[in-house]
Amino acid sequence: MNNGQKRSPRAVVLFGPPGSGKGTQAKLLTERTGFPQISTGDMLREHVQAGDEIGREVAKLMHAGSLVPDELVNALVKQRVARPDCRDGFILDGYPRTQQQAERLGVLLEGRGIDQVVIHLVVDYNKVIARLSGRRQCPVCGTLYNVLSRPPKQADVCDLDGAGLVIREDDSEAVIRERLEEYERQTRPVLEYFHSAGRRLYEVDAGREVPPVVCERIYKLIENGG
Ligand code: AP5
């Protein structure tokens, strides 16, 4: 409850390994809060698809499962959060994932008077590999499916718009393993940074329950911390 007082804008950081459900939760939280989803992965894939200068710079790195340069993603996020739909808050999906990115985000948000809350989605790696191997996505509306846990009504066809579903290029087993190693090397250590910087950080078990149940837990945490 905020007793009618205007709340500070909020940045919800969804943090976790590939396949932990960041994109799934970001979409559900967008419906629940009205805050836009800011996915650095989606933004980068749009550039790759457009074949523009940024796309050409990052395509090889992404296909290999490596992170792209900090300065590039920092600039994309800075531009995106300046847009009017981020005025009350936004959901960061897949950013920050290095300490340098986390530091830059801290400066950006402090400068704009935006509160930050970090949600760490905790999921066992075996589950993550199974999830990513079964992921399918609609190229038109972005809806995420899973052949095991959330199959479409008709195989490989989007329930919402009838488009043929696609498999992400970096969802092959070899690249999934590289992405997980990159997470261990560069991203997981950012949790220690969040602790030392005194960020509001919550761990959420995202490996057992269906997405709407996980979303409800996150929503309660970001609304009132419990
Ligand atoms: P990005 O697109 O961010 O990929 P990622 O972090 O590897 O995460 P994913 O999108 O694979 O998984 P997710 O956690 O969103 O899970 P999802 O909800 O889809 O990044 C891709 C690449 O871009 C990087 O490798 C890097 O090259 C580059 N990049 C991006 N950001 C960068 C940055 N900040 N800095 C540098 N480089 C960057 O769920 C997965 C599957 O599980 C789905 O099928 C879903 O239906 C299913 N599922 C979800 N939740 C549940 C549940 N509760 N129960 C059962 N199934 C579930």
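It should be emphasised that the depicted structure is a prediction, and the values quoted were computed from it without experimental measurement.

Attention now moves to unusual backbone geometry. The amide bond that connects Tyr-95 to the next residue, Pro-96, takes the cis arrangement and shows omega of 0 degrees. By the element assignment, Pro-96 lies in the loop between β3 (89–93) and α5 (99–112).

Let us look at the site of the ligand. Contacts to the ligand come from 34 residues, most closely from Thr-24, Thr-40, Ser-66, Arg-135 and Arg-179. For the ligand, a nitrogen atom lies 3.0 Å from a polar atom in the backbone of Glu-209. About the coverage of the ligand: the protein hides 95% of its 1,000 Å² of free accessible area. At the level of secondary structure, the elements contributing two or more residues to the shell around the ligand comprise α1 (22–33), α2 (40–50), α6 (125–133) and β6 (144–146). At 4 residues, the largest contribution of residues to the shell around the ligand is made by α2. When grouped by side-chain class, the residues that make up the shell around the ligand number 13 nonpolar, 12 polar and 9 charged.

Turning next to helix α7 (residues 173–187). An ideal rise of 1.5 Å per residue puts 21 Å on 15 residues; α7 measures up with 20 Å between its terminal C-alpha atoms. Taken together, the buried positions of α7 are occupied by Val-175, Ile-176, Arg-179, Leu-180, Glu-182, Tyr-183 and Thr-187. Looking straight down α7, one finds that the buried residues subtend no more than 160 degrees of arc, so they occupy a single side. Against the buried residues of α7 lie β1 (10–15), α3 (53–64), β4 (115–122), α6, β5 (135–137) and α8 (190–196).

Attention shifts here to the environment of Gly-106. Within the fold, Gly-106 resides in helix α5. Distance from Gly-106 to Pro-96, taken between C-alpha atoms, is 9.9 Å for residues 10 residues apart in sequence. If we skip the residues at most four places from it in the chain, Gly-106 touches Gln-116 and Arg-199.

This paragraph deals with the packing of helix α4 (residues 70–81) against α5. It is at 10 Å that the axes of α4 and α5 come closest, and there the two elements cross at 25 degrees. Classified by the angle their axes make, α4 and α5 are roughly parallel. Considering the relative orientation of α4 and α5, their crossing is right-handed. Of the residues in α5, those touching α4 at Asp-70, Glu-71, Val-73, Asn-74, Lys-78 and Val-81 are Gln-100, Gln-101, Arg-104, Leu-108 and Arg-112. Among the residues forming the contact of α4 with α5, the class breakdown is 3 nonpolar, 3 polar and 5 charged.

What follows deals with the pairing of β1. Along any regular strand, the residues point their side chains to alternate faces of the sheet. The element β1 is extensively covered by neighbouring structure, given that 6 of its 6 residues are classed as buried. Two elements, β1 and β3, share 5 bridges in a ladder whose sense is parallel. Looking at the pairing, Val-13 lines up with Leu-92 of β3. Note that β1 and β4 share 6 bridges and pair parallel. Opposite Phe-15, over in β4, you have His-120 as the bridge partner.

About the cut-offs
- Residues numbered from 1 in each chain as written.
- Predicted model: local features only at pLDDT ≥ 70, side-chain atom pairs only at ≥ 80, totals over all residues.
- Heavy atoms only, no water.
- Helix = DSSP H or I, 4+ residues; strand = E, 2+ residues; numbered from the N terminus.
- Near = heavy atom within 4 Å.
- Polar contact = N/O pair within 3.5 Å; in protein donor to acceptor, adjacent residues only side chain to side chain.
- Areas by Shrake-Rupley, 256 points an atom, 1.4 Å probe, with all protein chains shown as cover.
- Nonpolar A, V, L, I, M, F, W, Y, C, P; charged D, E, K, R; others polar.
- Expected span 1.5 Å × (residues − 1).
- Buried < 20%, exposed > 50% of the residue type's maximum accessible area, 1.4 Å probe, protein only.
- Arc of directions from axis to C-beta.
- Contact = heavy atoms within 4.5 Å.
- Axes fitted to C-alpha atoms, helices over the stretch in contact; angles between N-to-C directions.
- Parallel < 35°, antiparallel > 145°, perpendicular 65-115°, else oblique.
- Left-handed = near helix turned anticlockwise from the far one by under 90°.
- Pairing = 2+ DSSP bridges.

In short, the description is geometric, and any link to function would need to be established separately.
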